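Results of the structural survey
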Amino acid sequence: MTTTVLNAVGHLCPFPLIEGKKAMEKLNKGDALTINFDCAQATENLPNWAEEEGYEVTNFEQIGEGTWSITLVK
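As the structure is a prediction and not an experimental result, all values here were calculated from the model. (Residues numbered from 1 in each chain as written. Predicted model: local features only at pLDDT ≥ 70, side-chain atom pairs only at ≥ 80, totals over all residues. Heavy atoms only, no water.)

Another point: the nonpolar core. Counting residues in each nonpolar core, the largest one holds 18 residues, and the members touching the most others are Met24, Leu33, Ile35, Phe37, Leu46, Trp49 and Leu72. Secondary-structure elements contributing two or more residues to this core are strand 1 (3-8), helix 1 (15-25), strand 2 (32-37), helix 2 (42-53) and strand 4 (67-73). Filtering out sequence-adjacent residues up to four positions away, Ile35 remains in contact with Leu6, Ala8, Pro16, Gly20, Leu46, Trp68, Ser69, Ile70 and Leu72. (Core = buried A, V, L, I, M, F, W, Y, C linked by side-chain atoms within 4.5 Å. Buried < 20%, exposed > 50% of the residue type's maximum accessible area, 1.4 Å probe, protein only. Helix = DSSP H or I, 4+ residues; strand = E, 2+ residues; numbered from the N terminus. Contact = heavy atoms within 4.5 Å.)

This part is about the packing of helix 1 against helix 2. To characterise two packed helices, one gives the angle between the axes of the helices and the distance between these axes. The interhelical angle for the contact between helix 1 and helix 2, taken along N-to-C directions, is 30°, at an axis separation of 10 Å. Here helix 1 lies roughly parallel to helix 2, going by the angle between them. With respect to the hand of their crossing, helix 1 and helix 2 are arranged in right-handed fashion. Note on element contacts: helix 2 touches helix 1 through Ala42, Asn45, Leu46 and Trp49, opposite Pro16, Leu17, Gly20, Lys21 and Met24. (Axes fitted to C-alpha atoms, helices over the stretch in contact; angles between N-to-C directions. Parallel < 35°, antiparallel > 145°, perpendicular 65-115°, else oblique. Left-handed = near helix turned anticlockwise from the far one by under 90°.)

Here it is, written out as structure tokens:
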């Protein structure tokens, strides 16, 4: 399993979601994508998108003041 990290801190919504979709398209089944972001809307958008696509959320945590990290497995 390979893990790719996408740093979307400082990117306004919906860019963390758009960039996450592009990154997931490049991954193989079983690979993981960790997205670090600071857009509060993405705390709902990213998990909802993961559920719609059937991706497993293996980690979702606040990593700083107004900053979160989510890891999805394709």
